[in-house]
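Fold and contact review
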Amino acid sequence: MSSSDNLPFDPRSPLTVDGQSHTIFRLATLEEQGLTTISRLPYSIRVLLENVLRSSWLGISNEQGLTGIASWSPDMGNEATIPFMPARVVLQDFTGVPSLVDLAAMRSALARAGGDPSLINPKIPADLIIDHSVQVDRYGSPEAFGHNVAREMERNRERYTLLRWGQLAFDNFRVVPPGTGICHQVNLEYLGAVVQRRTVDGELTAFPDTLVGTDSHTPMINGLGILGWGVGGIEAEAVLLGQPYFMLIPEVVGMKLTGRLPAGTTATDLVLAITRILREKDVVGRFVEFFGPGLANLTLPDRATISNMSPEYGATMTYFPVDRKTLEYLAFSGRPAERIRLVEAYTREQSLFHHPGDPEPGYTAVYEVDLDGIKTAIAGPRKPHEWLPLSAVKDAFRDELSEMAAAGITSNADSFDSCGSWAEEGGSCALSPEGCACAMPSRTELLEAQCSVDEAKVTIGDGSVVIAAITSCTNTSNPSVMLGAGLLARKAVERGLTVKPWVKTSLAPGSRVVTDYLDRAELTPYLEALGFHLVGYGCTTCIGNSGPLKGTVAQAIEDHQLVVAAVLSGNRNYEARINPHVRANYLASPPLVVAYALAGSLDVDLTTEPVCYDPDGNPVHLREIWPTAEEIDSAIEAFIEPGMFIEAYSDVFEGDEVWKDLAPSAESLYAWDPESTYIREPPFFMDLPDEPSPLTDLSDARILGVFGDTLTTDHISPAGAIPSDSPAGRYLILNGIDPADFNSFGSRRGNHEVLLRGTFGNIRIRNRMVDREGGWTVHHPSEKTMTIYDAAMRYLDEGVPLVIFGGREYGAGSSRDWAAKGALLLGVRAVIAESFERIHRSNLVGMGILPIQLPAGTTIESLNLSGGEKVGIKGLEGDLEPGGDALLEIHRTDGSVADLTAIFRLDNQVDVEYYRHGGILHKVLREMVKGSA
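Residues numbered from 1 in each chain as written. Predicted model: local features only at pLDDT ≥ 70, side-chain atom pairs only at ≥ 80, totals over all residues. Heavy atoms only, no water.

**Here we look at the confidence of the model for the protein chain**
- On average, residues of the protein chain score 92 in pLDDT, and 95% of them are at 70 or above.
- Low pLDDT (under 50) marks residues 409-441, which in the prediction has 44 contacts with non-local residues, meaning those over four places away or in another chain. (pLDDT = per-residue confidence, 0-100. Contact = heavy atoms within 4.5 Å.)

Here's what the structure looks like:
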């Protein structure tokens, strides 16, 4: 190992467990050196401190970074930058495929430059779990699972062949095949070690398990006491190639828990309440850490449920320190006993083990949640923090109905020239009343329509629940809510209840363990009796792979502009994410998903009105079929045991014969197919110059889009269905792909031609430059309305640079690197917004797009942009400093000029260097080319 050349003291110490000696980097050494007081540091900072201490000894960090994190205090601010070297990386296939495409492209570029392509190889272990591609094509039958898996393999064979190639071509790279589980649940139940053990320079070394993941819900693993969070695929690739993840020293918000959850409430109810609270408190970019007497009253799966939704309230991660519950869960999930003893010994030795009554760490801010006050609730209709107590759902839906209905009418307009010109005299409009939202009266009554389902006529209407999905690792990792759903189903079936015929039901657990314990508890037949058959082990509806609606339901919705609903046990309900025909989407616990499937509508108060009626016409209320805590606890104790986890994960990397039969080339270079519509070599590293060009100011840029608050990466880079009349759909049709075989945007992220055409293409995105939903803009100076893609291509032909304007929390949501890559390929040079979501800001920098934050007090509204302005950006030339002044010149169409001083959101010198190179990977590749010369 390294020596005192890096540190003036030796922090190493032996730790013997089960007769085996390990080297550890002892945190108490820092206290002995007078650098810190461990007991006053949040537990998450202690883990980060160990990481920087070890990195400093190994020469990755420096003493300044170590003293910066060691001196952490609640009021220190977060101006210092530290390098974080995670122990591993976790990827899923939607983000993993483009990451692998980038690595393959870098190998090709390095080979073209005369270097050794094998140098492009993960330096730290990486696991990719295929979980985002299974779709709910078939449902409600025992054949659903087999059919959906077969269709998944059929649709995604090219993508999976690429992943098999990576499995063979790269070291330190494992793939969990399709049909196994969701990445975060697999991570929680199997991959997460809490304490890692590796040989480093000949010494067996123990250290905390840490990670970054290419999915924003990576923080789910924080519930197990493991430090990790979501990053963009670009950053993950850099980490894989041995680059530290540079970060500002975080502020840490303490969340104090008191009391105990009331009978009848669930961890889902708790996390939805916490999501609302912390979104209001603005914890964006911060760590959140839980403590307090109520902590002992949460199971570890409850903690994981809370941590999973960190991105929904904006936190970088949500940490639960290692304690007795952690050790119990490791045993519960079948982890080896010797590993559990190492975890306990190491965390106790390093002051990482939480004991009730330990001194309370210092926190940047402290908020309190009394568990006794948590109510049964759902969240919707558009965002995860739109919390609604169950008693308020009916009225809240009616209150929002007119707005949702009007948005739907507007999106169907065929022309925009005179939209909004409704005349009082005669009530005429340049558009037909059916095509213009301004002509629509406020909708006070629920509309209804008839349609055919299973050869029967049914009546659906506003508020009808057309999708009820038990899905997403957020909840399927928690046995209490999954068994709760099964117990509710049993009581419902015993009362003779059935699901409404128009409801598309599905069950997509996050691992095979769930199926096992539902089978053992003999609850599967009751779920299936209500249509909740197994459809696959993956994200399904939560990621937008909900598949087609039942019968002629979709046609009825379109014909009558109905506002229908989906209820799912997921973590995301952004517009157009779940299904293009569903405008009202609600997050709920698995038992409530079953209850709403029985009710068939949101237009019911489940706290006072019957869920439905039994065959004898008797009302059945929710309280009559809701399982008790005792029933759930008894089922957990009786039907779940460690051997189930051991068996489920015994061959987790093997896959079935179809997976094994994929036969990619064994060459170190990927064999690109120029005819492929799934996998194409991206242009990012083509003809890369040896040195980056000098930075220059920007002038005469045009505005491609003006967007409001909380523009998500779902809006910027949609993952769901590809409309046949969209630029991406037209591209696929021109390349001989039938619309039935389009698959999804997410599945085609390995082809930049598709994603380029889909960027800013969500059917619910709202560009303020046009009066219509969808990916539309106005080209200037022609003033013609066209798709964002077509306008961008025209600007590229004209040599005109582009900028985007946005409101608060620009880029919220999923960690989609393609939201930055697509913008770059469209010609966007800068994004100017009121604030940025953490991951997306980093992705923009990582692709060489400049994030600029408007000064305090300046908003999108106050700028009063028409979209026809020209924009200049000064301050880029010369010595660009982190957080420096960005001088904006906005040239308005009337000839006036608005000058304002904004902020370059290049947060540290590393950001500046990445931006100067045109991106992280460009810098890494240049260094490798030089190193192999």
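Moving on from the coordinates now.
**Describing the sheet that holds strand β32 (residues 870-874)**
- Overall, mixed pairing links the 7 strands, which are arranged β26-β29-β30-β31-β34-β33-β32 in a closed barrel. Strand after strand, the sheet turns through a mean of 40 degrees between neighbouring axes, direction not considered.
- Bridge count between strand β26 (residues 698-706) and strand β29 (residues 802-806): 4 bridges; the pairing is parallel. Its bridge partner being in β29, Arg702 is matched across the sheet by Leu802. (Pairing = 2+ DSSP bridges. Helix = DSSP H or I, 4+ residues; strand = E, 2+ residues; numbered from the N terminus. Axes fitted to C-alpha atoms, helices over the stretch in contact; angles between N-to-C directions.)

**Comments concerning the environment of Phe836**
- Along the chain, the position of Phe836 falls in the loop between β30 (828-833) and α30 (838-846).
- Judged by its relative accessible area of 6%, Phe836 falls in the buried class.
- In the structure, Phe836 is positioned 611 residues away from Gly225 in sequence and 28 Å away in space, judged by C-alpha atoms.
- Once residues lying within four places of it in the same chain are set aside, the contact partners of Phe836 are Val284, Tyr810, Val831, Arg841, Leu844, Pro851, Ile852, Gln853 and Arg905. (Buried < 20%, exposed > 50% of the residue type's maximum accessible area, 1.4 Å probe, protein only.)

**Looking at unusual backbone geometry**
- Following Gly380, the chain continues to Pro381 via a peptide bond in cis, the omega torsion being 15 degrees.
- Within the secondary structure layout, Pro381 lies in the loop between β16 (377-379) and β17 (387-389).
- Across the junction of His780 and Pro781, the peptide omega takes the value 10 degrees, indicating a cis bond.
- Unusually for a residue other than glycine, Asp201 sits at a positive phi of about 50 degrees.
- Among the secondary structure elements, Asp201 is positioned in the loop between β7 (195-200) and β8 (203-208).
- Judged by its relative accessible area of 55%, Asp201 falls in the exposed class.
- Residues other than glycine seldom take positive phi values, yet Phe760 does so here, at roughly 60 degrees.
- Among the structural elements, Phe760 can be located in the loop between α27 (752-758) and β27 (776-779).
- A relative accessible area of 1% places Phe760 in the buried class.

**Overview of the pattern of salt bridges**
- In total, this model carries 49 salt bridges according to the counting rule given.
- Between Lys821 and Asp102 there is a salt bridge, with its nearest N and O atoms 2.6 Å apart. Of this pair, Lys821 sits in helix α29 (residues 818-826) while Asp102 is found in helix α4 (residues 93-112), placing the two residues 719 residues apart along the sequence. Each member of the pair, Lys821 together with Asp102, is buried.
- The shortest N-O distance in the salt bridge between Glu344 and Arg348 comes to 3.0 Å. Of this pair, Glu344 and Arg348 are both found in helix α13 (residues 337-349), 4 residues apart, which corresponds to roughly one turn of the helix.
- Here the residues in one salt-bridge network are Arg382, Glu400, Glu403, Glu575, Arg583, Arg764, Arg766 and Glu773, joined through shared partners. (Salt bridge = Lys/Arg side-chain N within 4 Å of Asp/Glu carboxyl O.)

**Overview of α4**
- Compared with the 28 Å implied by 1.5 Å per residue over 20 residues, the 28 Å span of α4 between its first and last C-alpha is a close match.
- With 18 of 20 residues buried, α4 is to be regarded as a mostly interior element.
- Two or three places before Phe94, at the opening of α4, Gln92 has a side-chain oxygen 2.7 Å from that residue's backbone nitrogen.
- Where α4 ends, the next residue or the one after it, Gly114, has phi of about 85 degrees, a positive value. (Expected span 1.5 Å × (residues − 1). Polar contact = N/O pair within 3.5 Å; in protein donor to acceptor, adjacent residues only side chain to side chain.)

**Some details on the packing of helix α9 (residues 267-281) against helix α10 (residues 300-308)**
- Relative to each other, α9 and α10 sit at 35 degrees, their axes nearing to 9 Å. Viewed along their axes, α9 and α10 form a crossing whose handedness is right-handed. For the pair α9 and α10, the contacting residues are Ala267, Leu270, Val271 and Ile274 in the first and Asp302, Thr305 and Ile306 in the second. (Left-handed = near helix turned anticlockwise from the far one by under 90°.)

**Considering the sheet that holds strand β5 (residues 126-129)**
- With parallel pairing, the 5 strands of this open sheet are ordered in space as β6-β5-β4-β9-β10. Each of the sheet's edge strands pairs with one partner strand only, and the pair in question is β6 (173-176) and β10 (227-230). The mean inter-strand angle of the sheet, taken between neighbouring strand axes irrespective of direction, is 20 degrees.
- Strand direction decides the pairing type here: strand β9 (residues 210-213) and β10, joined by 4 bridges, are parallel. Pairing of Thr210 across the sheet is with Leu227, part of β10.
- Sheet contacts for α4: β4 (88-92), β5 and β6; angle to β4, the most-contacted strand, approximately 110 degrees.

**Things to note about the nonpolar core**
- Among the nonpolar cores identified, the biggest contains 299 residues, and Leu598, Phe760, Phe805 and Ile873 are the most heavily contacted of them.
- It is α4 that contributes the most residues to this core, 10 residues altogether.
- Grouped together as the second largest cluster of nonpolar side chains are 5 residues, Tyr139, Ala144, Ala508 and Val535 included. (Core = buried A, V, L, I, M, F, W, Y, C linked by side-chain atoms within 4.5 Å.)

**Here's the deal with the pairing of β32**
- Summarising the sheet, β26 and β32 pair through 3 bridges and their orientation is antiparallel. Across the sheet, Ala701 pairs through a bridge with Val871, a residue of β32.
- With 5 bridges connecting them, β32 and strand β33 (residues 885-891) associate as antiparallel partners. Its bridge partner being in β33, Gly872 is matched across the sheet by Glu889.

**Considering the pairing of strand β11 (residues 245-248)**
- Here β11 shows a buried face lined by Tyr245 and Met247 and an unburied face lined by Phe246 and Leu248.
- Of the strand pairs in this sheet, strand β3 (residues 81-84) and β11 are connected by 4 bridges, and their pairing is antiparallel. Note that in β11 the partner of Thr81 across the bridge is Leu248.

**A word on the side chain of Glu834**
- Counting through the fold element by element, Glu834 comes out in the loop between β30 and α30.
- Put simply, Glu834 is tucked away with no salt bridge, and the nearest opposite charge, on Arg808, sits 4.3 Å away.
- Once you skip the residues sitting within four places of it in the chain, Glu834 turns out to touch Asp709, Gly806, Gly807, Arg808, Gln853, Leu854, Thr858, Thr859, Ile860 and Glu861. (Lys, Arg positive; Asp, Glu negative; His and termini not counted.)

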